[in-house]
Amino acid sequence: MDSKVTQISREDLEELREAFNKIDIDNSGYVSDFELQELFREASFHIPGYKVREIVEKFMAGDTNKDEKISFEEFVAIYQEMRSKEVRETFRKCISRRDGIRSFGGTSKISSEGTQHSYSDEEKVAFVNWINKALADDPDCKHLIPMDPETDSLFKSVKDGILLCKMINLSQSDTIDERVINTKKCTPFTMTENLVLALNSASAIGCTVVNIDAQDMKAGTPHLVLGLLWQIIKIGLFADIEISRNEALIALLDESEDLEHLMSMSPEDLLLRWVNYHLKAAGWEPIRNFSDDIKDSRAYFHLLNQISPKGDVDDEMRIDIDMSGFNERDDERRAELMLKQAERLDCRQFVTPNDVVAGNHKLNMAFVANLFNMYPALNRPASNGIDYTIEGETRETRTFRNWMNSLGVSPHVNHLYSDLHDGLIILQLYERIQVPVNWTRCTNTAVNTHTPYTLKVLSDIGDGEKVSDQVIIDWVNNTLKQGQKDSYINSFKDKSISTSLPVIDLIDTIVPKAIKYEMVKTGELTPEDRLNNAKYAISVARKIGVRVYALPDDLVEVNPKMVMTVFACLMGRGLKKADG
């Protein structure tokens, strides 16, 4: 911890930790300029704009590593430097008086028992309504859906793990083999299994689950539940706001811009550009954010009018947006009239009129992302001699990117190579896997992106020392033999791995009865059989507590690097069991 942090009293430090947790809206462990401004916007005190800017700018100026986010250590150091008593008092008042924010104590040791946390009622309502609609027809969720957005039913509904598993699959299909989810007469043990499966699967799609465990979800710890659900929902909302998956986004390319720059943009930035593309067509001024610039709903009226179906495609029903509410004098009434038009497009989600008028960044961004997914109203432009060849990220690249994000690196990694060009993310990874890093020697040299992950996996099973491939292979074969299994591998390129049977048998040896062999295909296998076996193997591995980032296709295609990580992670689980 920074020496400056240790110079203040324990009482003051606890007060600052409480303040930091309250500002850290997205539970990321960092505070951004937006979150600081959100605090003052939601405070029930009337603070002059210049005073808000003074405090925010003071804090952001103390961002020592210039990552546009403030750690707790930076937060404390900056606070100590704020000599003005008036500023300190203003800040303290804002911390203690936030509307729509509920506070509660921590639960499990891993989630900081005894500390105060907070959550947003607006987010809870938005997420409940979204989940109710998404899972309305799922027979496995009939005992949970619909939830009441006005109560705390959400926090009770996650405890059996089924809802989380289902939402993960809605965000990234086939992440979890649903045959592995315990859906019948759940016991405390099978609920925990579901939650472990959900958390490991969430990690595999890029959610940060550091300091969250199954007990937190069982207890329905509000800020952790909402934080995890937001990550899952956001991944689903942003999945297609990526050029290699949606080439119509090329239409957003500026005349003086090259495609590479557009491809390097984050989903949030692409979403903002999409809105402005349609606002320009409407003759309306562009917006710069999803908070202050959308509060009057007028940009939304124009956006809805531009993207609504025009009936010029076969079987498409024309929907004309009623713009009469555009001139309504009252902001909240105007927002309600706008949302009624969004409802006609089946897109009234995430925001209430108050959320629009308050400029709730997170919920307004979700509202717009859903509009994009439903009605992008974009066409891929003609090439006109321009090379628009799009190369999407490889499966391996996506796996490493998700692993990085699951560790909570900052900023979030959207594009592996462009986002890692300065080496700072790589250095964070080495620090997280406890490999010493000399920050003074940081360079822009490209780093082999799979190296930190491989080091982490191999050092976990070697007491901090990297183990060799042969050590893992020998352990796998000896364990299979002890379990009286017929499977055997000669290397990580062994063709038998494409059936997933060596992985499945190894899991059953490590945790007897974890595998339901009636679900496993043997003998002459079709490509579909192999893929289904792989999906089952990966999901059961995660269910028994193995944090596997490899994908089913990695087993089917026998990708040796990723196959090694699967067996290495299973070896870690087996050794952990052997140790007691």
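Coordinates for the structure precede this section.
Since the structure is predicted, the reported quantities are computational estimates derived from the model, not experimental observations.

A.B. asks: What's the story with the layout of surface pockets in this structure? I'm lost.
C.D. replies: Where empty space is left becomes clear once a probe the size of a water molecule has been rolled over the atoms. Roughly 1200 Å³ of volume is contained in the second largest pocket. Mapped onto the lining of the second largest pocket, the elements with two or more residues apiece are α9 (188-204), α18 (395-406), α21 (451-460), α24 (527-543) and α26 (560-578). Per-element tally for the lining of the second largest pocket: the top contributor is α9, with seven residues. Its residues assigned to classes, the lining of the second largest pocket comprises 24 nonpolar, eight polar and twelve charged.

A.B. asks: What am I meant to see in the packing of helix α13 (residues 267-281) against helix α17 (residues 361-374) here?
C.D. replies: The relative placement of two packed helices comes down to the angle between their axes together with the axis-to-axis distance. Axis separation between α13 and α17 bottoms out at 10 Å; the angle between their running directions is 70°. The orientation of α13 with respect to α17, classified from their angle, is roughly perpendicular. Handedness of the α13/α17 crossing: left-handed. Listed contacts from α17 to E268, L271, W274 and V275 of α13 are M365, V368, A369, L371 and F372.

A.B. asks: Would you explain α13 in this entry?
C.D. replies: Residue pairs spaced three or four apart in an α-helix point in one direction, given the helix's 3.6 residues per turn. Between the first and last C-alpha of α13 there are 21 Å, a value that for 15 residues agrees with the 21 Å anticipated at 1.5 Å per step. When α13 is considered as a whole, its buried residues turn out to be P267, L270, L271, L272, R273, W274, V275, N276, H278 and L279. Where α13 ends, the next residue or the one after it, G283, has phi of about 75°, a positive value.

A.B. asks: What should I look at first to understand unusual backbone geometry in this one?
C.D. replies: If a residue is not glycine, its phi is most likely negative; likewise, a peptide bond is most likely trans. Looking along the chain, the bond that leaves I145 and enters P146 is cis, with omega of 5°. Among the structural elements, P146 can be located in the loop between α6 (121-134) and α7 (153-157). With an omega dihedral of 0°, the bond running from S410 to P411 counts as a cis peptide bond. You can see P411 is positioned in the loop between α18 and α19 (416-419). A positive phi is found at F350, a non-glycine position, where the angle reads about 75°.

A.B. asks: I tried to follow helix α15 (residues 331-344) on my own but got confused; where do I start?
C.D. replies: Over its 14 residues, α15 runs 20 Å from end to end, which matches the ideal 20 Å to within 8%, given 1.5 Å per residue. Listing the buried residues of α15 in full gives R334, A335, E336, L337, M338, L339, Q341 and A342. The secondary structure elements touched by the buried residues of α15 are α14 (298-307), α16 (353-358) and α17. For α15, the N-terminal capping position is held by D330, with its side-chain oxygen 3.2 Å away from the main-chain nitrogen of E332. At the C-terminal side of α15, D346 shows a positive phi close to 60°.

Conventions and cut-offs
Residues numbered from 1 in each chain as written. Predicted model: local features only at pLDDT ≥ 70, side-chain atom pairs only at ≥ 80, totals over all residues. Heavy atoms only, no water. 1 Å grid on protein atoms, 1.4 Å probe; cavity = no way out; pocket = protein on both sides within 12 Å on 5 of 7 lines; lining within 4 Å. Points joined across faces, edges and corners; volume = space filled by probe spheres on them. Helix = DSSP H or I, 4+ residues; strand = E, 2+ residues; numbered from the N terminus. Nonpolar A, V, L, I, M, F, W, Y, C, P; charged D, E, K, R; others polar. Axes fitted to C-alpha atoms, helices over the stretch in contact; angles between N-to-C directions. Parallel < 35°, antiparallel > 145°, perpendicular 65-115°, else oblique. Left-handed = near helix turned anticlockwise from the far one by under 90°. Contact = heavy atoms within 4.5 Å. Expected span 1.5 Å × (residues − 1). Buried < 20%, exposed > 50% of the residue type's maximum accessible area, 1.4 Å probe, protein only. Polar contact = N/O pair within 3.5 Å; in protein donor to acceptor, adjacent residues only side chain to side chain.

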